[in-house]
Every structure is written in structure tokens, then in C-alpha cells.
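A structural walkthrough
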2 protein chains.
Amino acid sequence: MDTKEHIMQVGMQLFAEKGYETTTIRDIASKAKVNLALISYHFGSKEGLLKNIFQQRALNLQFQIWEISNDKSLNELQKVHLMIDYYIDKIFTNHQFHRVMMRELFSSQSEEVHSDTIDIFTENAKIVISIIEKGIKKKVFRNIDPELCFASIIGTIHHLMHSTILRKRIFGGKEKKDPILEPSFKKRVTKHIQQMIEHHLIAEKNNNN
Amino acid sequence: MDTKEHIMQVGMQLFAEKGYETTTIRDIASKAKVNLALISYHFGSKEGLLKNIFQQRALNLQFQIWEISNDKSLNELQKVHLMIDYYIDKIFTNHQFHRVMMRELFSSQSEEVHSDTIDIFTENAKIVISIIEKGIKKKVFRNIDPELCFASIIGTIHHLMHSTILRKRIFGGKEKKDPILEPSFKKRVTKHIQQMIEHHLIAEKNNNN
DNA sequence: TTAAAATTAAACAAATGTTTAAAACTATAT
DNA sequence: ATATAGTTTTAAACATTTGTTTAATTTTAA
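Regarding its fold elements, chain A presents 11 helices and 0 strands. Helices and strands in chain A line up, N terminus first, as α-α-α-α-α-α-α-α-α-α-α. Projecting the C-alpha coordinates of chain A onto the three principal axes gives extents of approximately 65 × 40 × 30 Å. Split into buried and exposed, the 209 residues of chain A put 52% on the buried side. Within chain A, residue pairs in contact and separated by at least 24 positions form 66% of the contacts whose partners lie at least 6 positions apart. Accessible area for chain A stands at about 10,000 Å²; split by element, carbon and sulfur atoms hold 48% of it. Within chain A, one finds 30 positive and 25 negative side-chain charges whose respective centroids are separated by 6 Å.

Okay, here's the thing in C-alpha cells:
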């Protein structure tokens, strides 16, 4: 059993549940069933643990956005759809880390801890935005707001990921269960965002309406 | 000068900037230039201060959503547009409080502190959702996902409000200024969300395209 | 066997929210 | 005006909690 890896896993879980500040190294040590000195020993400090978690996961952020962007066999709409797919997939499967990341990203302080992560995030964002801009130039997309369009994609996902309470209340049904783990919910979100963005980007031909 | 009110104002400002946990009562006392014992004296505790701030502001959340909903002179699309207008206006003008609220709402713990706020929030949400559902039943709206449609409205706004860093990076221009205070940005966001939701809800007639 | 690495229990210093008891201030009644 | 009761403010101390360190012990591997 790799103690170091184990601590990181438990640490991330608690950071995701309670937030970095509220989680004490005694919480982590207790849940991981290791001595609390081991956190300082292995990671130097509590912040060191957070940095390690970020480094470990940040690579995972750099997903195939760039490759999709350069794929000549796809048109702009297909690219946007694929990117939405990837974003949702990444964020849903790593939702614990994303909670931590977003919470820290939103706290505006201690920027240095995750400046790498922010860099990756903004770079990905700019790629998506540039695809939309290209579509607008080519007149296959409407003349809409590319940056805010991206904000809506990512904002929808994050809003659904972040607030456990609201998610349970609005989507949890009568039993107020958290739908985040049900695969059907992921599909539902993907479908919604893709539909909404497509409706926004493209004025459809008039069928029989 | 009302000390109590002054402490609440400074407290909210710091909670918005640094988060509740990270802000110490010494920070607040120092910035407000009052003795730190006054916080416990006036509010009982640090958490008492937070509760007071929530109570003071929560009432402000209950805006005219209900009245819009019942206004017979408006059709469904107009109602949705007006609601978006109101949401953005409320959140932008009270953006400090909304930062605090959302951060605390997202932390999943200490639910009791703001259960009132959550109640108001979810009630408002359900009104908006029911309007969309009504539009769908009347077939003036497409058969889209009402709950997720609301999630996109509110998610977009909150995503833009929350992340100072990302906002500066993507919308701040070359000088990386925070656009949140510029009135043009508010207008831009309103226009975008209204357009996007309208495109999503209504299949437009084919003009000359 | 031995040297390095990992783990443990205990102690440490700093920071935090809270309380206390005295002082200063305010307003009211005499 | 003066005394008095109540409120507000202050400085200091308090008990806890926090992250971290230390020194001894155990485990691992060469």
C-alpha cells in the first residue's frame, strides 16, 4: 500500500467535501488512518499536499481540445459538440478534484498555488472560443458572443457540479437523492448543453412548424 | 455612525474577498477600526455575524419573480426575459453578498446557517422552471429541459460573478482589468443570456437565410 | 548487520474565537 | 448641574485548535 498516494486520495476527498481551509490535517490523518506527522513528512506541509494533488491532476485537464480543434474532418459545429462532450466527461469523472479546483480558483487568493491550473484552463477556454469565432467568420454560426457562449457551457456544468444542495433539491426527485452519480444525469446534461448551444449557434432551417 | 452596521458591511466585504473561513475577526476588527470584542458583543459570535448578514440580505432575494409569473399581460417568452433581467440586476448590484452566499451554498456543510436563503433560492428557481414548463405545454416553447435551462441561466451568471481571475483573463482585455463594474459588461451578459435562451426556447421563423 | 526510510507519540508555537472585568460613554431622572 | 443606570468600548487574558517539528522507534532493503 502506497501511503503517499493514499493520503492524497483521502485528502482530495475531504478537500472536495469540506473545502481546503476547513479540512485539518488531523481530519485527513484520521480518515486515512495514518499518523498526522506523515503529511508534513511526505508533502512538507498541508499546502504541499494541495499542490501535489493539483500537479497530479492538472495534467489530466489538458485533454484533447487541441486535437479536436485541428481535426480537418470535422466542421465547427461538430467540434463544439465534441468539446462539450469532453468537458462534461472530464469534469464528471473527476468531479471531486473539480470541486476543489473551482473552489480554490474562485477564492482569488493564493494564486500561485494553482497558476498552472489556471493557465491550462484559460488556454482550453481560448481554443473553444476561437473555434466559435471561426464558425462565425465562416457564417456557419450566428454572430453571437463567443466568450459568453463558452461561459454558458462551463458555467452550466460547474453550477451543476458545485452545489450539492441545489442539485438534490431540484434534480433529486422526491427522495432528494444526489443524481450526480447516475449515468443518466450525465447524458441529460450533455444533451441539454449541446442542444442549447446548437440552437444558439445555428438558425435552423424551417421544417414543418 | 452605527458600529453594528459598519461591522456588517466590512465583514461582508472581507467574506466576499477571502471567504468566511479565511477571514478572522481580527481582520474585520482591524479593517473596520473597531475593537475585536465588539463582534462577539454585537453578534454573539463570528457565525452570528454571518447569520446577520444573511438575514439582512436574504429578504432582498425575494424579488418580483412571483409578480412577473402572475402578470397576465405578458407571454411566456417575455416573462423569461424579464426574469433574466431581474436575476442579473439583483446579482450584479449585490455581487459581494452573492459571492458569499454562493460560496457558502456550495460548501454543503453548516446547512442550517443559510437554510432560509436556500429555500428562497429554490423557490425562485421553481417559479422560473414552471414558467418554462407552461410555455412548453402551450407549444410556444420547444420541448427542452426546463430545469437544466434554468441551470444554464443561473450557472452562466454565477460563473461570471465568481471567478475574478478567469473574468479578468478572458474579459479584462489587455490590461486585465476586472470588467464587473463596467455597466457595459452587465448589458452584454444580459443580452447574451436572453438571446441564447430565446434561441433555445423558440424555433424562429425562417427569414432570409 | 547496518544504514536509510518510514512511522509514531509527544511537544511546540502561533493563530483563532471567545470571555472577562474595567473604563468610557450616553441618556434619564432628580 | 449631578447622580445614576444602562450601554458601548477597550485591553487583556483564556482555552482551543491549528500546522509543524522533534526525537525515538519500527520497518525496509542492501
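Moving on, we come to the relation of the copies chain A and chain B. Between the two copies of the chain lies a relationship made up of a rotation around an axis and a movement along it. Under the fitted operation, chain A is carried onto chain B by 0.0 Å of movement along the axis and a turn of 180 degrees, and the coordinates agree to an RMSD of 0.1 Å. The superposition of one copy onto the other is thereby described by a two-fold rotation axis. Closest approach to the rotation axis within chain A is made by the C-alpha atom of Gly155(A), at a distance of 2.3 Å. Looking at the interface residues of chain A, 100% of them are also at the interface in chain B, so both copies use one shared face.

This next bit is on the packing of helix α11 (residues 183-201) of chain A against helix α9 (residues 146-162) of chain B. The N-to-C vectors of α11(A) and α9(B) enclose an angle of 65 degrees; their axes lie 10 Å apart at closest approach. In this view, α11(A) runs roughly perpendicular relative to α9(B), as classed from their interaxial angle. The chirality of how α11(A) crosses α9(B) is right-handed. Contact residues: α11(A) offers Arg188(A), Val189(A), His192(A) and Met196(A), while α9(B) offers Glu147(B), Leu148(B), Cys149(B) and Ser152(B). Class assignment for the residues of the contact of α11(A) with α9(B) results in 4 nonpolar, 2 polar and 2 charged.

Right, let's get into the pattern of salt bridges. Residues and elements named next belong to chain A. Overall, the coordinates contain 14 salt bridges over all chains when judged by the stated rule. Its salt-bridge partner being Lys 51, residue Glu 47 comes within 3.9 Å of it at the nearest N-O pair. Linking Glu 47 with Lys 51, this pair stays in helix α4 (residues 46-61), spanning 4 residues, or about one helical turn. A salt bridge links Lys 138 to Glu 76; the nearest nitrogen and oxygen atoms lie 3.2 Å apart. Of the two residues, Lys 138 sits in the loop between α8 (115-137) and α9 (146-162) while Glu 76 sits in helix α6 (residues 76-93), which places them 62 residues apart along the sequence. Using a relative accessible area of 7% as the deciding quantity, one classes Glu 76 as buried.

Here we take up the interface of chain A and chain B. The interface of chain A with chain B comprises 55 residues on the first partner and 55 residues on the second. Seen at the junction of chain A and chain B, the total is 6 salt bridges. The salt bridge involving Asp119(B) is made with Arg169(A); its shortest N-O contact spans 2.8 Å. At the junction of chain A with chain B, the criterion picks out 18 residue pairs in polar contact (both at pLDDT 80 or more). Going through the elements one at a time, α1 (3-18), α7 (95-106), α8, α9, α10 (164-171) and α11 of chain A are the ones with two or more residues in the side of chain A that touches chain B. Along the lines of polarity and charge, the residues of the side of chain A that touches chain B split into 20 nonpolar, 20 polar and 15 charged.

The next thing to look at is the protein's contact with DNA strand C. Taken together, 15 residues lie around DNA strand C, and Thr3(A), Tyr41(A), Ile25(B), Ser45(B) and Lys46(B) are the ones closest in. Counting only atoms of DNA strand C within 4 Å of the protein, the sugar-phosphate share comes to 51%. Between a phosphate oxygen of DNA strand C and a main-chain N or O atom of Ile25(B), the distance comes to 3.0 Å. Listed by contribution, the elements that provide at least two residues to the surface near DNA strand C are α3 (37-43) of chain A together with α2 (25-32) and α3 (37-43) of chain B. Element by element, the count of residues in the surface near DNA strand C is highest for α3(A), at 4 residues. For the surface near DNA strand C, the per-class residue count stands at 6 nonpolar, 7 polar and 2 charged.

What follows covers the environment of Gln56(B). All names here are of chain B. Of note, Gln 56 is situated in helix α4 (residues 46-61). Measuring from C-alpha to C-alpha, the distance between Gln 56 and Ile 127 comes to 23 Å, with 71 residues separating the pair along the chain. In this structure Gln 56 touches Glu 5 and Met 8, once residues within four positions along its chain are discounted.

What follows deals with the protein's contact with DNA strand D. With respect to spatial proximity, 15 residues lie near DNA strand D, and among them Ile25(A), Ser45(A), Lys46(A), Thr3(B) and Tyr41(B) are the closest. Sugar and phosphate atoms represent 51% of those atoms of DNA strand D found within 4 Å of the protein. In the model, a phosphate oxygen of DNA strand D is placed 3.0 Å from a nitrogen or oxygen of the Ile25(A) main chain. The backbone of Lys46(A) places a nitrogen or oxygen atom 2.8 Å from a phosphate oxygen of DNA strand D. Ranked by the residues each element gives to the surface near DNA strand D, the list is headed by α3(B), at 4 residues. Residues that form the surface near DNA strand D fall into these classes: 6 nonpolar, 7 polar and 2 charged.

The next subject is the nonpolar core. Ranked by internal contacts, the top residues of the largest apolar core, which has 138 residues, are Ile197(A) and Ile197(B). With residues near it in sequence (within four places) discarded, Ile197(A) still touches Val80(A), Ile84(A), Cys149(A), Ile153(A) and Met196(B).

What counts, and at which threshold
- Residues numbered from 1 in each chain as written.
- Chains lettered and ligands numbered in written order.
- Predicted model: local features only at pLDDT ≥ 70, side-chain atom pairs only at ≥ 80, totals over all residues.
- Heavy atoms only, no water.
- Helix = DSSP H or I, 4+ residues; strand = E, 2+ residues; numbered from the N terminus.
- Buried < 20%, exposed > 50% of the residue type's maximum accessible area, 1.4 Å probe, protein only.
- Contact = heavy atoms within 4.5 Å.
- Areas by Shrake-Rupley, 256 points an atom, 1.4 Å probe, with all protein chains shown as cover.
- Lys, Arg positive; Asp, Glu negative; His and termini not counted.
- Charge placed at Lys NZ, Arg CZ, Asp CG, Glu CD.
- Least-squares fit on C-alpha atoms with pLDDT ≥ 70 in both.
- Axes fitted to C-alpha atoms, helices over the stretch in contact; angles between N-to-C directions.
- Parallel < 35°, antiparallel > 145°, perpendicular 65-115°, else oblique.
- Left-handed = near helix turned anticlockwise from the far one by under 90°.
- Nonpolar A, V, L, I, M, F, W, Y, C, P; charged D, E, K, R; others polar.
- Salt bridge = Lys/Arg side-chain N within 4 Å of Asp/Glu carboxyl O.
- Polar contact = N/O pair within 3.5 Å; in protein donor to acceptor, adjacent residues only side chain to side chain.
- Near = heavy atom within 4 Å.
- Core = buried A, V, L, I, M, F, W, Y, C linked by side-chain atoms within 4.5 Å.

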